[in-house]
Amino acid sequence: MKTLMYMAVFALALAFTACGSDDDNFDCNEGNTVLADTLLAYQETNSTDTCNAYRIAIENIIINNCSEDEEVIKGLQQELDQLGDCTFAGRTCLSCTNSGITLQVCRGENGNAFIEEKDTGVPFTRYVELSKCE
């Protein structure tokens, strides 16, 4: 849920800081709208198609310099890195708490739990069983 809110803030920040593009063919305001729409679609229907649409929307914002805010760009790049190439449907990421520390844990292509893009070596389902996840 925390990541969801974080990305929503990014989308809103983009909407307010949009349009620094050198490419006259790309409308940053429209790109930000597409980004927000694809984010919602991906959150609602976690599939390969919605992942690809969301990934392309993020890439368009970054490539076309639609934000001058380095933190926004950094956040979008992190989200892009986390999405990967969308080769498997429904990448699952959960906010999990262990020993009072809450981290985002994702299921990788190999079925293991990944924290900050590092393979924990523990199967995702087992990690979720041993943690308090939302």
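So, here's what we can say about the structure. (Residues numbered from 1 in each chain as written. Predicted model: local features only at pLDDT ≥ 70, side-chain atom pairs only at ≥ 80, totals over all residues. Heavy atoms only, no water.)

So, the pairing of strand β3 (residues 112-115)
Burial of the side chains of β3 extends over both faces: Asn 112 and Phe 114 are buried on one face and Ala 113 and Ile 115 on the other. With three bridges connecting them, strand β2 (residues 101-107) and β3 associate as antiparallel partners. Along β3, the bridge assignment pairs Cys 106 with Phe 114. Where β3 lies against strand β4 (residues 118-123), three bridges are found, and the strand directions are antiparallel. Following the sheet pairing, Asn 112 is matched in β4 by Pro 123. In sequence, β3 turns back onto β4 through a hairpin of two residues, with Glu 116 there showing a positive phi of about 50 degrees. (Buried < 20%, exposed > 50% of the residue type's maximum accessible area, 1.4 Å probe, protein only. Helix = DSSP H or I, 4+ residues; strand = E, 2+ residues; numbered from the N terminus. Pairing = 2+ DSSP bridges.)

Regarding unusual backbone geometry
One non-glycine residue, Asn 65, lies in the positive phi region at around 50 degrees. Note on placement: Asn 65 falls in the loop between α3 (48-63) and α4 (70-83). In this structure, Ser 99 is a non-glycine residue whose phi angle is positive, near 50 degrees. Inspection of the secondary structure puts Ser 99 in the loop between β1 (93-98) and β2.

Notes on the packing of helix α2 (residues 28-44) against α3
Relative to each other, α2 and α3 sit at 150 degrees, their axes nearing to 8 Å. Comparing their axes, α3 and α2 come out roughly antiparallel. Seen along the crossing, α2 lies across α3 with a hand that is left-handed. Contacts between α2 and α3 involve Cys 28, Gly 31, Asn 32, Val 34, Leu 35, Thr 38, Leu 39, Ala 41 and Tyr 42 from the former and Thr 50, Cys 51, Ala 53, Tyr 54, Ala 57, Ile 58 and Ile 61 from the latter. (Axes fitted to C-alpha atoms, helices over the stretch in contact; angles between N-to-C directions. Parallel < 35°, antiparallel > 145°, perpendicular 65-115°, else oblique. Left-handed = near helix turned anticlockwise from the far one by under 90°. Contact = heavy atoms within 4.5 Å.)

Quick look at the packing of aromatic side chains
Given two aromatic rings, one states the distance between the centres and the angle between the planes to describe the pair. Within this structure, the stated rule accounts for one aromatic pair. Look at Tyr 42 and Tyr 54: their rings are 5.7 Å apart centre to centre, the planes differ by 25 degrees, and that puts the pair in the stacked class. Of this pair, Tyr 42 sits in helix α2 while Tyr 54 sits in helix α3, placing them 12 residues apart in sequence. For the pair formed by Tyr 42 and Tyr 54, the shared burial category is buried. (Phe/Tyr/Trp six-rings, centres within 6.5 Å; stacked < 30°, edge-to-face > 60°.)

Observations concerning the pattern of salt bridges
Under the criterion given, the structure shown has two salt bridges. A salt bridge links Arg 55 to Glu 59; the shortest N-O distance between them is 3.3 Å. Placement of the pair is Arg 55 and Glu 59 together in helix α3, with a separation of four residues, close to one helical turn. Residue classification places Arg 55 among the buried positions, given a relative accessible area of 17%. Taking the shortest distance from any N to any O, the salt bridge between Glu 129 and Arg 126 comes out at 3.1 Å. (Salt bridge = Lys/Arg side-chain N within 4 Å of Asp/Glu carboxyl O.)

As for the side chain of Asn 64
Mapped onto the secondary structure, Asn 64 falls in the loop between α3 and α4. On the basis of relative accessible area, Asn 64 is assigned to the buried category, the value being 8%. Within the local environment of Asn 64, its side chain forms a polar contact with the backbone oxygen of Asn 60, the two atoms lying 2.8 Å apart. (Polar contact = N/O pair within 3.5 Å; in protein donor to acceptor, adjacent residues only side chain to side chain.)

It is worth stressing that arrangement in space is one thing and function is another; only the former is reported here.
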